[in-house]
Amino acid sequence: MAKVELKQPIVEEIKGYAADAKAAVLVDYRGLTVEQDTRLRKQLREAGVVYKVYKNTMLVRAFEGTDFAQLEKDLEGPTAIAFSSEDETAPARILNDFAKEAEALQFKSGVVGGTYYDEAGMQALAKIPSRDTLISKLLGSLQSPVTNLARVLNQIAEKGGASAEAAPEAAEAAEPAAE
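Being a predicted model, the structure only gives us computed values, none of them experimental. (Residues numbered from 1 in each chain as written. Predicted model: local features only at pLDDT ≥ 70, side-chain atom pairs only at ≥ 80, totals over all residues. Heavy atoms only, no water.)

The next point concerns the overall build of the protein chain. For the protein chain, the count of helices and strands is six helices and five strands. When the helices and strands of the protein chain are placed in sequence order, the string is α-β-α-β-α-β-α-β-β-α-α. Considering the protein chain as a whole, with its 179 residues, one finds that 32% of them fall into the buried category. For the protein chain, the share of sequence-separated contacts (at least 6 apart) that also reach a separation of at least 24 residues comes to 77%. Element-wise, carbon and sulfur atoms account for 55% of the exposed surface of the protein chain, whose accessible area totals about 11,000 Å². (Helix = DSSP H or I, 4+ residues; strand = E, 2+ residues; numbered from the N terminus. Buried < 20%, exposed > 50% of the residue type's maximum accessible area, 1.4 Å probe, protein only. Contact = heavy atoms within 4.5 Å. Areas by Shrake-Rupley, 256 points an atom, 1.4 Å probe, with all protein chains shown as cover.)

This is how it looks when you write it as structure tokens:
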């Protein structure tokens, strides 16, 4: 069996992840303990992020003709890659948070939404909240004025309702006095 035949399924696997990915982040994982690596993989998996270690040559082959080909210049030394097909910033956020406790983990670069980012760019992206968090903040800020308006309208209605209820009672009280 030729070496190319053995490598083809791996290249196809990478192509499959890349085809669905909104983001791919490269990291240097040298120096992580087995326990740290296990925790990192668990956190990424829970966020729907695929985290793998491949030979750089396999990544180069799989990325040919895609936006991820921009990563080729950073494929030196041991490299792990995190693919996300859902949340574009999830890999960067999780890897960045994890790197705070495991300093051995270092960003190399990444492609998010078709745009290449170097190490500093990836660290900046890591500070962007998730899409769900941003949506909930937006909805919260939209809901606040609506809630305040409803509260004011309710208070006006209560005051108007109280005076409207008092008017018939006052009319009834005035009728016997007129007789």
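Turning our eyes to something else, we now look at the pattern of salt bridges. Using the criterion set out here, one finds nine salt bridges in the structure. One salt bridge connects glutamate 35 with arginine 39, and the closest N-O pair in it is separated by 2.6 Å. In this pair, glutamate 35 and arginine 39 are both assigned in helix α2 (residues 34-46), four residues apart and thus about one turn of the helix distant. Look at arginine 39 and you get partly exposed, because its relative accessible area is 32%. Between lysine 100 and aspartate 97 there is a salt bridge, with its nearest N and O atoms 3.6 Å apart. (Salt bridge = Lys/Arg side-chain N within 4 Å of Asp/Glu carboxyl O.)

With that settled, the discussion passes to the nonpolar core. In this structure, Val27, Leu40, Tyr51, Leu95 and Leu105 are the most contacted members of the largest nonpolar core, which totals 23 residues. If you list the elements that add at least two residues to this core, you get β1 (23-28), α2, β2 (49-53), β3 (80-84), α4 (90-101), β4 (106-112) and α5 (119-125). Considering every element that reaches this core, the biggest residue donor is α4, with six residues. With near-sequence residues (within four places) excluded, tyrosine 51 lies in contact with Val27, Tyr29, Asp37, Leu40, Arg41, Leu44, Ala80, Ile81, Ala82, Leu95 and Leu105. (Core = buried A, V, L, I, M, F, W, Y, C linked by side-chain atoms within 4.5 Å.)

Turning next to a nonpolar patch on the surface. Residues Ile135, Leu138, Leu139 and Leu142 make up a contiguous nonpolar surface patch of about 360 Å² in total accessible area. Relative to the assigned elements, leucine 142 resides in helix α6 (residues 131-178). (Patch = residues over 30% accessible without salt bridge, like charges linked within 9 Å, V, L, I, M, F, W, Y side chains within 5 Å.)

Structurally, the position occupied by serine 109 is in strand β4. At 2.6 Å, the side chain of serine 109 and the side chain of aspartate 74 are in polar contact. (Polar contact = N/O pair within 3.5 Å; in protein donor to acceptor, adjacent residues only side chain to side chain.)

Relative to the assigned elements, alanine 69 resides in the loop between α3 (56-63) and β3. For alanine 69 and valine 111, which are 42 residues apart along the polypeptide, the C-alpha to C-alpha distance reads 9.2 Å.

Glancing now at the sheet that holds β3. Pairing is antiparallel across the open sheet formed by five strands, whose spatial order is β2-β3-β1-β4-β5. The sheet is open, and its two edges are formed by β2 and β5 (115-118), each paired on a single side. Averaged over neighbouring strand pairs, the angle between their axes works out to 15 degrees when direction is ignored. With five bridges joining them, β2 and β3 adopt antiparallel strand pairing. Bridged to valine 50 within β3 is phenylalanine 83. (Pairing = 2+ DSSP bridges. Axes fitted to C-alpha atoms, helices over the stretch in contact; angles between N-to-C directions.)

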